[in-house]
Amino acid sequence: MFPRINIFLDRISSNIRKLQEVLSPVEIMGVTKGVCGDPYIAREMVNNGIRYLGDSRIQNIKRMRAKGIDARIFQIRSPQLSEIRETVKYADGAFVSELKIVKALSEKSREIGKKFAIIVMVELGDLREGVLPRDMPVFIKEAIGYGANIVGIGTNLGCFGGVIPTREKMENLLGVRDKIESMGIKLEIVSGGATDTISLFENGKIQGINQLRIGEAILIGHDTTGNRKIDYLRQDTFTIEAEIIELKEKPSMPYGIIGRDAFGNIPHHVDRGIRKRAILALGRQDIDFEYLIPLEKGVEILGGSSDHMVVDVTDSKNVYEIGDVMSFYPLYPSLLKSMCSSHVKKRYVKGS
Ligand SMILES: *Cc1c(COP(=O)(O)O)cnc(C)c1O
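Residues numbered from 1 in each chain as written. Predicted model: local features only at pLDDT ≥ 70, side-chain atom pairs only at ≥ 80, totals over all residues. Heavy atoms only, no water.

Draft legend 1. Local environment of unusual backbone geometry. With omega at 0°, the peptide bond leading from Phe2 into Pro3 counts as cis. You can see Pro3 is positioned in the segment before β1 (4-8). Geometrically, the link from Ser24 to Pro25 is a cis peptide bond, its omega value of 10° lying close to zero. Looking at the secondary structure, you find Pro25 in the loop between α1 (9-23) and β2 (27-31). Of note in the backbone geometry, Leu127 takes a positive phi value of approximately 65° without being a glycine. Inspection of the secondary structure assignment puts Leu127 in the loop between β6 (117-122) and α6 (136-145). (Helix = DSSP H or I, 4+ residues; strand = E, 2+ residues; numbered from the N terminus.)

Below you can see the structure in the form of structure tokens.
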């Protein structure tokens, strides 16, 4: 059955071990949100010695728990007030940036008698989540007043504002740590960032930053914010397969009166004469066309709609037939969609 995603567990494992080698002694929190909390991939992380897992969504965390993943799992996107009970029940901790949420988490953990760890996010310029450094002392004081178990601080760059992590940003974070510790609170965890922060640590450590939260690098060996393929990691960790349902020579220019495409965009096409095109049973519902790399040379993705992908195969040396299967490497957005889609079959491969 297709579409199908092949998941090469040993290759993912090899990325985990390589990153541990490069980043040691900084501890890796394995981030599973890019694969929808896939328990087999989480298991691979745990078996390689990863002690902390992170996921943004409580549903993914529940999914891992249901399959017996017993590592310490943190919810890395702030829990919603409407899910506090589940967060405290299934996670061991959360990254937060609002006192109301700290209060709710602390009350619930007291109520059900479970120790629950809080890591407070610090805003350092990317302008996604985080408490402003100058507001930190008051925030911490109030949080302690609610009985919160504050174990650390963290920051996230590169995601919303595209701000590049630098040594200076890490020093700002350490400055915030010092200020909090001067209030008599010991912070066990200083969480410096995500995949985009790895490059900072490749040529020397930054004393005091002791955790990075890594998803993309483990999963596909890429760093999107840094715009690089991480050369010591594997990128062939997943392949998406889709089946050809139409194969014809057609003009490359649509004909008739041109309006918008199925998603409201104005299509742009280049006239390259008659071309050989395949239609695959794969669409935006499963992947993003812009974030898919054909394995075969001479194959070009032209686009498509919810359930069809149009591919130009004129320059390919392969002879295709209806029913043949073509393979693609997913980049992060396509990985996310396909792993979270119930329409894409999952196939786990052990051994290379
Ligand atoms: C997604 C996310 C990560 C992991 O990011 P990658 O780029 O996949 O390594 C880390 N921290 C937070 C807060 C996140 O939301």
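Draft legend 2. Representation of the state of the cysteines within the structure. By the definition in use, this model includes one disulfide. One disulfide in the model links Cys36 with Cys340; its S-S distance is 2.3 Å. Taking the sign of the S-S torsion, about 115° here, the bridge from Cys36 to Cys340 comes out right-handed. Residue Cys36 is located in the loop between β2 and α2 (39-47), and its partner Cys340 is located in helix α10 (residues 332-340); the two are separated by 304 residues in the primary sequence. Given a relative accessible area of 41%, Cys340 falls into the partly exposed group. (Disulfide = S-S within 2.5 Å. Buried < 20%, exposed > 50% of the residue type's maximum accessible area, 1.4 Å probe, protein only.)

Draft legend 3. Summary view of the site of the ligand. Surveying the vicinity of the ligand reveals the residues Val31, Lys33, Ile76, Arg128, Glu129, Asn156, Ala194, Thr195, Arg213, Ile214, Gly215 and Glu216. Here an oxygen atom of the ligand sits 2.8 Å away from a polar atom, N or O, in the main chain of Glu216. Coverage of the ligand by the protein amounts to 91% of the 380 Å² it exposes when considered alone. Here the shell around the ligand is built from residues that sort into four nonpolar, three polar and five charged. (Near = heavy atom within 4 Å. Polar contact = N/O pair within 3.5 Å; in protein donor to acceptor, adjacent residues only side chain to side chain. Areas by Shrake-Rupley, 256 points an atom, 1.4 Å probe, with all protein chains shown as cover. Nonpolar A, V, L, I, M, F, W, Y, C, P; charged D, E, K, R; others polar.)

Draft legend 4. A look at the domain arrangement of the chain. Looking at the chain, the domain boundaries give domain 1 (9-229) and domain 2 (238-349). Each of domain 1 and domain 2 has a C-alpha centre, and these two points are 36 Å apart. Between domain 1 and domain 2, the contact holds 14 residues from the first and ten residues from the second. Summed over both partners, the interface of domain 1 with domain 2 comes to about 1100 Å²; 71% of that surface belongs to carbon and sulfur atoms. Between domain 1 and domain 2 we count zero salt bridges in total. For the pair domain 1 and domain 2, the number of links is two residue pairs in polar contact (both at pLDDT 80 or more). Classifying every residue of the side of domain 1 that touches domain 2 gives eight nonpolar, two polar and four charged. (Domains from an automatic or database assignment. Contact = heavy atoms within 4.5 Å. Buried area = accessible area lost by both parts, 1.4 Å probe. Salt bridge = Lys/Arg side-chain N within 4 Å of Asp/Glu carboxyl O.)

Draft legend 5. Structural detail: helix α5 (residues 99-112). Compared with the 20 Å implied by 1.5 Å per residue over 14 residues, the 20 Å span of α5 between its first and last C-alpha is a close match. Every buried residue belonging to α5 is among Leu99, Ile101, Val102, Ala104, Leu105, Ser106, Lys108 and Ser109, and all of these are buried. Residues of α5 that are buried sit in contact with α4 (84-90), β5 (93-96), β6 and α6. Just downstream of α5 lies Gly113, where phi reads positive at about 65°. (Expected span 1.5 Å × (residues − 1).)

Draft legend 6. Representation of the nonpolar core. Counting 89 residues, the largest nonpolar core has Ile41, Ile153, Phe238 and Met309 as the members making the most contacts within it. Looking at which domains feed residues into this core, each of domain 1 (9-229) and domain 2 (238-349) supplies at least three. Beyond its immediate stretch of four places on either side in the chain, Ile153 contacts Ile119, Val120, Val122, Met136, Leu173, Val176, Arg177, Ile180, Leu187, Ile189, Val190 and Ser191. If you look at the next biggest cluster of nonpolar residues, it comprises eleven residues, including Met29, Val31, Ile76 and Val151. (Core = buried A, V, L, I, M, F, W, Y, C linked by side-chain atoms within 4.5 Å.)

Draft legend 7. Representation of the packing of α1 against α2. In the contact formed by α1 and α2, the axes pass within 9 Å of each other and the chain directions differ by 40°. Judged on the interaxial angle alone, α2 and α1 are oblique. As α1 runs across α2, the sense of the crossing is right-handed. Residues Leu9, Asp10, Ile12, Ser13 and Ile16 of α1 form the contact with α2, whose own contacting residues are Tyr40, Ile41, Glu44 and Met45. Broken down by class, the residue content of the contact of α1 with α2 amounts to six nonpolar, one polar and two charged. (Axes fitted to C-alpha atoms, helices over the stretch in contact; angles between N-to-C directions. Parallel < 35°, antiparallel > 145°, perpendicular 65-115°, else oblique. Left-handed = near helix turned anticlockwise from the far one by under 90°.)

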